[in-house]
Amino acid sequence: MGYNPPPDTYRHQGLRKQLVQQIRLKGIANQQVLAAIEKLPRHYFFDSSFLESAYEDKPFPIGAGQTISQPYTVAFQSQLLNIQKNEKVLEIGTGSGYQACILAELGARVFTIERQKTLFDRTSKFLPVIGYPTIKTFFGDGYKGLQAFSPFDKMIVTAAAPYVPDALLEQLKPGGILVIPVGADDVQIMTTITKRSDGTFEKKEYGAFRFVPMLEDKAKEK
Ligand code: SAH
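Residues numbered from 1 in each chain as written. Predicted model: local features only at pLDDT ≥ 70, side-chain atom pairs only at ≥ 80, totals over all residues. Heavy atoms only, no water.

> Could you give me a rundown of the overall build of the chain, with the residues and numbers involved?
Helix and strand counts for the chain come out as six helices and nine strands. Relative to its length of 222 residues, the chain is compact, with a C-alpha radius of gyration of 16 Å against a globular reference of 17 Å. The dimensions of the chain, computed from C-alpha atoms along their principal axes, are 50 × 45 × 35 Å. For the chain, buried positions account for 52% of its 222 residues. Long-range contacts, defined as pairs at least 24 residues apart, comprise 54% of the intrachain contacts of the chain with a sequence gap of at least 6. For the chain, the computed accessible surface area is about 10500 Å², with 53% contributed by carbon and sulfur atoms. The distance from the centre of the 27 positive side-chain charges to the centre of the 23 negative ones in the chain is 4 Å. (Helix = DSSP H or I, 4+ residues; strand = E, 2+ residues; numbered from the N terminus. Rg over C-alpha atoms; globule rule 2.2 N^0.38 Å. Buried < 20%, exposed > 50% of the residue type's maximum accessible area, 1.4 Å probe, protein only. Contact = heavy atoms within 4.5 Å. Areas by Shrake-Rupley, 256 points an atom, 1.4 Å probe, with all protein chains shown as cover. Lys, Arg positive; Asp, Glu negative; His and termini not counted. Charge placed at Lys NZ, Arg CZ, Asp CG, Glu CD.)

Dropping the structure here:
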């Protein structure tokens with residue numbers, strides 16, 4: 001991934017239409033989510049030698065042992081979040097920044113945290129270049145949330161959480177939704193936790209997904 005995006009050709013646009021069709025057939029019905037995936041060039045987030053892989057419905061390595069999530073998973077989590085315009089949304093696990101851009105396309109004010117310094121540096125520089133200067137990136141440990149900017153309308157964790165961090169529940173607005181894949185082993189259960197107005201929580205589960213682990217403490221600078 002360089003600091004200049006490659007061109008977005010008709011061919012890329014055609015491949016995106018096909019990708020959206022596949023995701024739709026797998027059960028994603030939210031039109032705004034499908035439109036965001038059709039609009040955002042996923043190949044921008046790939047090294048030029050791997051551009052061919054950008055429009056397969058698969059996760060892909062992005063360096064530092066991490067992956068860009070599968071488009072279906074991005075769509076599934078985005079659909080569960082049910083973003084309304086101008087909502088304040090916290091993402092844990094910036095990675096490539098692809099999911100953050102999808103949230104921005106859905107009208108969210110996006111705050112995103114990454115614990116790997118190399119990914120944080122690269123993605124922070126890259127997002128303004130591809131047209132997303134308003135996404136706010138933070139280097140830190142997502143287990144702690146982002147107290148200074150709380151509370152949030154919505155939160156999304158894009159790494160496998162062994163448990164639901166208390167800080168995230170505390171920093172959620174009443175009526176807010178946290179979407180988090182929970183599980184320490186190979187497979188996680190996609191879970192939504194909604195904060196009721198009386199401060200209690202309602203949990204729902206949505207089947208099995210696979211994520212890279214959510215690790216505690218931010219990685220060292222060097
Ligand atoms: N949303 C990303 C997918 C990233 S994969 C995308 O669209 O590309 C998960 C990311 O979570 C990795 O980059 C990993 O470094 C990061 N991560 C893991 N544990 C974390 C933590 N405690 N706080 C913040 N980020 C974390």
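> Describe in detail the environment of Met-190, supporting the description with residues and values.
Tracing the backbone through its elements, the reader meets Met-190 in strand S8 (residues 188-195). For the pair Met-190 and Ile-180, spaced ten residues apart in sequence, the C-alpha separation works out to 5.9 Å.

> Account for the site of the ligand, with residues named and values stated.
Lining the immediate environment of the ligand, one finds 28 residues, of which Gly-93, Ser-96, Glu-114, Gly-142 and Leu-215 sit closest. Within the side chain of Glu-91, a nitrogen or oxygen atom sits 2.9 Å from a nitrogen atom of the ligand. Between the ligand and the protein, one listed contact pairs a nitrogen atom with a backbone N or O atom of Gly-142 at 2.8 Å. Within the complex, the protein chains bury 99% of what would otherwise be the 590 Å² of accessible surface of the ligand. At the level of secondary structure, the elements contributing two or more residues to the shell around the ligand comprise strand S2 (66-68), strand S3 (88-92), helix H4 (98-105) and strand S4 (109-114). Tallying contributions element by element places S2 first for the shell around the ligand, with three residues. When grouped by side-chain class, the residues that make up the shell around the ligand number eleven nonpolar, 13 polar and four charged. (Near = heavy atom within 4 Å. Polar contact = N/O pair within 3.5 Å; in protein donor to acceptor, adjacent residues only side chain to side chain. Nonpolar A, V, L, I, M, F, W, Y, C, P; charged D, E, K, R; others polar.)

> Describe the sheet that holds strand S9 (residues 201-209), and please don't skip the residues or the numbers.
As summarised here, the arrangement of the seven strands in space is S5-S4-S3-S6-S7-S8-S9, forming an open sheet in which the pairing is mixed. Pairing within the sheet leaves two strands with one partner each, and these edge strands are strand S5 (136-139) and S9. Averaged over all pairs of adjacent strands, the angle between their axes in this sheet comes to 15°, without regard to strand direction. Here four bridges tie S3 to strand S6 (residues 152-157), and the two strands are oriented parallel to one another. Counted as the bridge partner of Leu-90 is Met-155 from S6. On the sheet, helix H3 (residues 71-81) packs against S6, strand S7 (172-182), S8 and S9 and is oriented at approximately 155° with respect to S7. (Pairing = 2+ DSSP bridges. Axes fitted to C-alpha atoms, helices over the stretch in contact; angles between N-to-C directions.)

> Quick one: what's the story with the pattern of salt bridges, residue by residue and with numbers?
Counted according to the given criterion, the structure contains twelve salt bridges. For Lys-58, the salt bridge goes to Glu-56, with nearest N and O atoms at 3.5 Å. The salt bridge involving Asp-217 is made with Lys-144; its shortest N-O contact spans 3.9 Å. A residue pair is termed long-range when its members are at least 10 positions apart, and Asp-217 in the segment after S9 and Lys-144 in the loop between S5 and S6 qualify at 73 residues. A relative accessible area of 47% means that Asp-217 is categorised as partly exposed. In the salt-bridge network here, residues are joined through shared partners; they are Asp-141, Lys-144 and Asp-217. (Salt bridge = Lys/Arg side-chain N within 4 Å of Asp/Glu carboxyl O.)

> Tell me what's going on with the packing of aromatic side chains, and back it up with residues and numbers.
Each aromatic ring pair is summarised here by two numbers: the centre-to-centre distance and the angle between the ring planes. All chains considered together, the criterion is met by 13 aromatic pairs. Ring centres of Phe-46 and Phe-60 lie 5.0 Å apart, and the angle between their planes is 35°; this geometry places the pair in the tilted category. With Phe-46 in the loop between helix H2 (31-39) and strand S1 (60-63) and Phe-60 in strand S1, this pair connects stretches of sequence that are 14 residues apart. Take Phe-46 and Phe-60: they sit in the same class, and that class is buried. (Phe/Tyr/Trp six-rings, centres within 6.5 Å; stacked < 30°, edge-to-face > 60°.)

> Tell me what's going on with the packing of H3 against H4, and back it up with residues and numbers.
A packed helix pair is summarised by two numbers, namely the angle formed by the two axes and the spacing between the axes. Two numbers describe how H3 lies on H4: the axes approach to 11 Å, and their chain directions differ by 40°. The angle between H3 and H4 places the two elements in the oblique class. Handedness of the crossing formed by H3 with H4: right-handed. Every residue of H4 that contacts H3 at Val-74, Gln-77, Ser-78 and Leu-81 is listed here: Tyr-98, Gln-99, Ile-102 and Leu-103. Among the residues making up the contact of H3 with H4, the classes are represented as five nonpolar, three polar and no charged. (Parallel < 35°, antiparallel > 145°, perpendicular 65-115°, else oblique. Left-handed = near helix turned anticlockwise from the far one by under 90°.)

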